[in-house]
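Below are the chains, spelled out letter by letter.
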Amino acid sequence: MTELPLSGIRVCDLTWVIAGPTATRILADFGAEVIRVEHGQAADPIRFGRPIAGERPTLNNSGFFNYFNRNKKSVLLNVRHPMGMEVLQRLIRVSDVVIENFSSGVLESWGLDYAAQRAINAGVIYCSISGFGHTGRDRHYTTWGPTAQALSGLTLMSGLPGKPPAGWGYSYLDHTAGYYAAIAIMMALHHRNMTGEGQAIDIAQVETGMVLAGPAVLDFTVNGRSWLREGMPPGNRAWEPSMAPHNTYRCAGEDRWVAIAVRNDAEWEALRRAMGEPAWAADARFATAAGRLAHQDELDRGIGAWTQERDAYQVMATLQAAGVPAGVCQTAGDRVERDPQLRARGWWTTMPHPELGEAGIDGVAPRLSKTPGMNRTASPLMGEHTYEVMTSTLGMSTEEYEELAALGVFM
Amino acid sequence: MSGPLAGLRVVERCGALGQYAGKLLADMGADVVKVEPPGGSEARAIGPFVDDVPGPNRSLNFWYFNTNKRSVVLDLAEPDGAATWRELAAAADVVIEDGRPGELDRLGAGYRAVAPQAPGLIWCAMTPFGQDGPWAEYEATDMVLLALGGAMMMNGYDPEDAEEAPPIRGHGDQGYLTACHYAVQGILAALLWRDRTGEGQFIDCSAHEAISSTTEVALPYWFTQRVNVIRQTGRHAAATRTERWLYRAGDGRWVLVFGVGRDNASWKRIKEWFQSEGFGLQFDEPRFDDPLNRQAARGSPEAAEIFAELGRFIAAHTAEEVYRGGQERRQAWGIVRSPEEALFDPHWDDRGFWAEVEGEGREGRPVRMPGAPYRFGATPWELRRPAPKLGEHTGEVLAEWLGRET
């Protein structure tokens, strides 16, 4: 197999749901051997998560699970059995990284806090993702992605003025907490390469959202200005940097929209010409940025009247040819079936999966010229690699494996 | 103490798209030199500004996204400037730039001009759409990228909340930040490869691809069922309409409440809470005992009663009471806060989350801003210096890195 940047790195993956598996997806894409430790009595709920292939969940037919768990291995291990816990310790001993996203305190209750892990494996890198972190008075509180988005301010920063918050429409912070975990683990691996020293990393999902709103916090601490004020959030109009027009506009067809942003006078001029120089747009009030910002309602009405008769992709092509930033609001279907950029760059592929068939999957961003991350296998079936990992990675004899299996350790 | 990237030399030539990638490395100990044109990075012109007065050193956007960096001014359009840039890049371990495809090559300052002198160099080129392909030259802003990447089509309103509402973009340049998360992943993977082999490489980081990988359930639905998910107010886009998550508390603030009645254990805790205050007294009737009766999606009268009572209960409490009362009963509920409201939640003080900075217009009067997204036990995040003033370190860096007389 091609050598990848993280080849030779073994990850003991105790994660579930989305945030943790996002982190280990990245490590696996770049070549780490990621071993998902799964427990039949407390299966990852995403193994039942819709969308599924067929009518009923089988643990192995979730497209949702497949998306977040490609390139990984799965072992079944009953950590409630004392021998199961002992096997887990053997796995930690031979791993470079241990990662989990339980509520804070769970690994401690298993007797596997960082001190205990380090006693087993001196150089281990232990990464925990929880809602509020392992310290602080509310550390026992819990989150889903949307909870963290709400508490960090991101939900409030999304929506039309005078309406309820729109939120994000998905668990943005499950992705992002996973990104920070992958980043932190790779930084810690580099530090270990330099010094031999491992360490513990504590990630609070809410904090991974708070760092994404830095300028808004500074606007308060410096200028005393809050997002809780009239006219905020400003919908799809620009906050900072300020510019106008800047909005989404309805196009021909069912629920079709194009985003158009005009950053300066030259782009306004280009937009005006691309629209065929309509009379309304010749108004001198629109010639300057200040004038455009002051008259956004009229601008948006005029542009919307032009776009609503037109195909969204044609509007985008026309405006981009004129040098104006414009983009179709694309669905997932658009991205997979229609987006010429993603297609030209070979972004989509399929991997065979016993229950999902040729399962569609995206590529690996970013693209490394010599050692690109790559898709090697679809997500593992529940416990698919138990025997392999126990015998080759942990060096068990077949007899020992069968003895433990008979005791109910691998279930 | 020093971070896990101590000793790593990074040259960054980035505006709004790529500047956060440099910050993530700088905050963890890398020596990041920001190379700016004579007029300054475009991010210095992004508001809000200190006291709303623009100026190259007064952008709060720049303050936040450029901590721990040093600023060097070079005019790459001039031969001397391009030559100095090449020397700096060759002396670095990592280059991050967000110029258009070919832009630096045309100035004799691209990867091809530097790589032969620096076989270990990791060069990360961040662009809206990647180095090649039919959209490589397309113009983009953060909103345009979130539109094309699919994030916006998942985010918006139920018709009863906002009729004919468009897809909604969340603010804060989240598309750019997502691109930076991926750029840093790539840089670190390349660094781990270099740790083993000494070999550098080029990284092509497309914001469009990064965002397209950050849309959770949307792609699985398309791949598995050829279904596009639909937008819903303040909750997940899904194949069908789902129950509401947002409720208005008695103080007018929004709370995020979900999962009520899902399992018997949590239902018991919530029921006892409600009943202790005189709400939901009918919940003791046996018809509420079956979890299936309590599921909104099944349209049972019990579910409708539960949601009506939930709304009354929430309206009779402040958002803070609902949030904390729910969390104490192991419900992952939240309150929809403005970003700065976390400043007044002591949990984050307990964790030492906030960083304090000074800058032009606030000399000697430090202000708070967000600190680290992660706690490293051995090599912590550290604010060593605030964002640099324009060109503040030109002489210092050229002397230190290139041995030039100042």
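Cut-offs applied
- Residues numbered from 1 in each chain as written.
- Chains lettered and ligands numbered in written order.
- Predicted model: local features only at pLDDT ≥ 70, side-chain atom pairs only at ≥ 80, totals over all residues.
- Heavy atoms only, no water.
- Axes fitted to C-alpha atoms, helices over the stretch in contact; angles between N-to-C directions.
- Helix = DSSP H or I, 4+ residues; strand = E, 2+ residues; numbered from the N terminus.
- Parallel < 35°, antiparallel > 145°, perpendicular 65-115°, else oblique.
- Left-handed = near helix turned anticlockwise from the far one by under 90°.
- Contact = heavy atoms within 4.5 Å.
- Nonpolar A, V, L, I, M, F, W, Y, C, P; charged D, E, K, R; others polar.
- Pairing = 2+ DSSP bridges.
- Core = buried A, V, L, I, M, F, W, Y, C linked by side-chain atoms within 4.5 Å.
- Buried < 20%, exposed > 50% of the residue type's maximum accessible area, 1.4 Å probe, protein only.
- Buried area = accessible area lost by both parts, 1.4 Å probe.
- Salt bridge = Lys/Arg side-chain N within 4 Å of Asp/Glu carboxyl O.
- Polar contact = N/O pair within 3.5 Å; in protein donor to acceptor, adjacent residues only side chain to side chain.
- Expected span 1.5 Å × (residues − 1).

## Some thoughts on the packing of helix α7 (residues 172-195) of chain A against helix α7 (residues 174-197) of chain B
Contact pair α7(A) / α7(B): the axes reach a minimum separation of 10 Å and the direction vectors enclose 25°. For the element pair α7(A) / α7(B), the angle class is roughly parallel. When the axes of α7(A) and α7(B) are compared, the crossing they make is left-handed. Counting all contacts with α7(A), which are made through A:Tyr172, A:Thr176, A:Tyr179, A:Tyr180, A:Ile183, A:Met186, A:Met187, A:Leu189, A:His190, A:Asn193 and A:Met194, the residues of α7(B) involved are B:Gln174, B:Thr178, B:His181, B:Tyr182, B:Val184, B:Gln185, B:Leu188, B:Ala189, B:Leu191, B:Leu192 and B:Asp195. Considering only residue class, the contact of α7(A) with α7(B) consists of 14 nonpolar, 7 polar and 1 charged.

## Considerations on the sheet that holds strand β6 (residues 199-204) of chain A
Within the open sheet, the 7 strands sit side by side as β3(A)-β2(A)-β1(A)-β4(A)-β5(A)-β6(A)-β12(B). Their pairing is mixed. Both outer strands of the open sheet, β3 (73-76) of chain A together with β12 (375-376) of chain B, are each paired with one neighbouring strand and no more. In this structure, β6(A) lies alongside β12(B), joined through 2 bridges in antiparallel fashion. If you follow A:Ile201 over to β12(B), its bridge partner there is B:Phe376. In the packing of helix α16 (residues 386-393) of chain A onto the sheet, contacts are made with β1 (10-13), β2 (33-38) and β3 of chain A, and the angle to β3(A) comes to roughly 90°.

## Comments concerning the nonpolar core
Counting 211 residues, the largest nonpolar core has B:Leu25, B:Met126 and B:Tyr374 as its most contacted members. Looking at which element gives the most residues to this core, the answer is α7(A), with 14 residues. When near neighbours in sequence (up to four residues on either side) are disregarded, B:Tyr374 contacts A:Tyr180, A:Ile183, A:Ala184, A:Met187, A:Ile201, A:Asp202, A:Ile203, B:Leu24 and B:Met28. Of all hydrophobic cores here, the second largest spans 29 residues; its members include A:Ile35, A:Phe102, A:Leu107 and A:Val389.

## Some remarks on the environment of B:Pro291
Residues and elements named next belong to chain B. Examined against the element boundaries, proline 291 turns out to sit in the loop between α10 (264-276) and α11 (301-315). Residue class for proline 291 comes out partly exposed when judged on its relative accessible area of 25%. Distance from proline 291 to alanine 165, taken between C-alpha atoms, is 35 Å for residues 126 residues apart in sequence.

## Description of the interface of chain B and chain A
For an interface, size is often stated in terms of accessible area lost upon the parts coming together. Contacts between chain B and chain A engage 152 residues on the former and 151 residues on the latter. Both faces considered, chain B and chain A share a buried interface measuring about 13100 Å² in area, 63% of it formed by carbon and sulfur atoms. On inspection of chain B and its partner chain A, the count reaches 16 salt bridges. In this structure, the salt-bridge partner of B:Glu209 is A:Arg367, at a minimum N-O distance of 2.9 Å. Linking chain B to chain A there are 88 residue pairs in polar contact (both at pLDDT 80 or more). At 16 residues, the largest contribution of residues to the side of chain B that touches chain A is made by α7(B). Its residues placed into classes, the side of chain B that touches chain A shows 81 nonpolar, 41 polar and 30 charged. As paired strands, strand β12 (residues 367-368) of chain A and strand β6 (residues 201-206) of chain B are joined by 2 bridges and run antiparallel to one another. Note that in β6(B) the partner of A:Arg367 across the bridge is B:Asp204.

## Concerning the sheet that holds strand β8 (residues 257-261) of chain A
Two modes of strand pairing occur in sheets, parallel and antiparallel, and in both the strands are linked by backbone hydrogen bonds. Residue and element names in this part refer to chain A. One open sheet accounts for 3 strands, arranged β7-β8-β9; its pairing is antiparallel. What marks the edges here is a single partner per strand, and that holds for β7 (246-250) and β9 (326-328). With direction set aside, neighbouring strand axes in the sheet form an average angle of 20°. With 5 bridges connecting them, β7 and β8 associate as antiparallel partners. Bridge pairing links threonine 248 to alanine 259 in β8. Sheet strands touched by helix α12 (residues 296-307): β7 and β8. Its angle to β7, the strand with the most contacts, is close to 35°.

## Quick word on the packing of helix α1 (residues 19-27) of chain B against α7(B)
All names here are of chain B. Two numbers describe how α1 lies on α7: the axes approach to 8 Å, and their chain directions differ by 50°. On the basis of the axis angle, α1 is oblique to α7. Two packed elements cross with a definite hand, and for α1 against α7 that hand is right-handed. Along its contact with α1, which presents Tyr20, Ala21, Leu24 and Leu25, the element α7 presents Leu177, Cys180, His181, Ala183, Val184 and Ile187. Its residues assigned to classes, the contact of α1 with α7 comprises 9 nonpolar, 1 polar and no charged.

## Digging into the pattern of salt bridges
On inspection of all chains with the given rule, the structure shows 72 salt bridges over all chains. Across the pair A:Glu388 and A:Lys73 runs a salt bridge, and its minimum N-O distance is 3.0 Å. Of this pair, A:Glu388 sits in helix α16 while A:Lys73 sits in strand β3; the two residues are 315 residues apart in sequence, bridging distant segments of the chain. Overall, the relative accessible area of 33% leaves A:Glu388 in the partly exposed class. Between A:Arg285 and A:Glu298 there is a salt bridge, with its nearest N and O atoms 2.5 Å apart. Of this pair, A:Arg285 sits in the loop between α10 (265-274) and α11 (289-294) while A:Glu298 sits in helix α12, and the two are 13 residues apart along the sequence. Given the relative accessible area of 32%, A:Arg285 is considered partly exposed. When its relative accessible area of 29% is taken as the criterion, A:Glu298 is described as partly exposed. What you see here is one network of salt bridges that share partners, running through A:Asp138, B:Glu320, B:Arg324, B:Arg337 and B:Asp345.

## Describing α12(A)
Residue and element names in this part refer to chain A. With 12 residues, α12 extends 16 Å between its outermost C-alpha atoms, agreeing within 8% with the 16 Å of an ideal straight helix rising 1.5 Å per residue. For α12, the full list of buried residues reads Gln296, Leu299, Asp300, Gly302, Ile303, Gly304, Trp306 and Thr307. Close packing links the buried residues of α12 with β7, β8, α10, α11 and α13 (312-321).

## A word on α1(B)
All names here are of chain B. With 9 of 9 residues buried, α1 is to be regarded as a mostly interior element. Residues Gln19, Tyr20, Ala21, Gly22, Lys23, Leu24, Leu25, Ala26 and Asp27 constitute the buried set of α1. Positive backbone phi, at 110°, marks glycine 29, one or two positions downstream of α1.

## Re the pairing of β6(A)
In summary, the side chains of a regular strand alternate between the two faces of the sheet. Residue and element names in this part refer to chain A. For β6, the buried fraction is high: 6 of the 6 residues fall into the buried class. Because side chains alternate across β6, one face comprises the buried residues Gln199, Ile201 and Ile203, and the other comprises Ala200, Asp202 and Ala204, equally buried. Of the strand pairs in this sheet, strand β5 (residues 125-130) and β6 are connected by 6 bridges, and their pairing is parallel. Considered in β6, the bridge of serine 128 is made with aspartate 202.

Keep in mind these numbers describe shape, not what the thing actually does.
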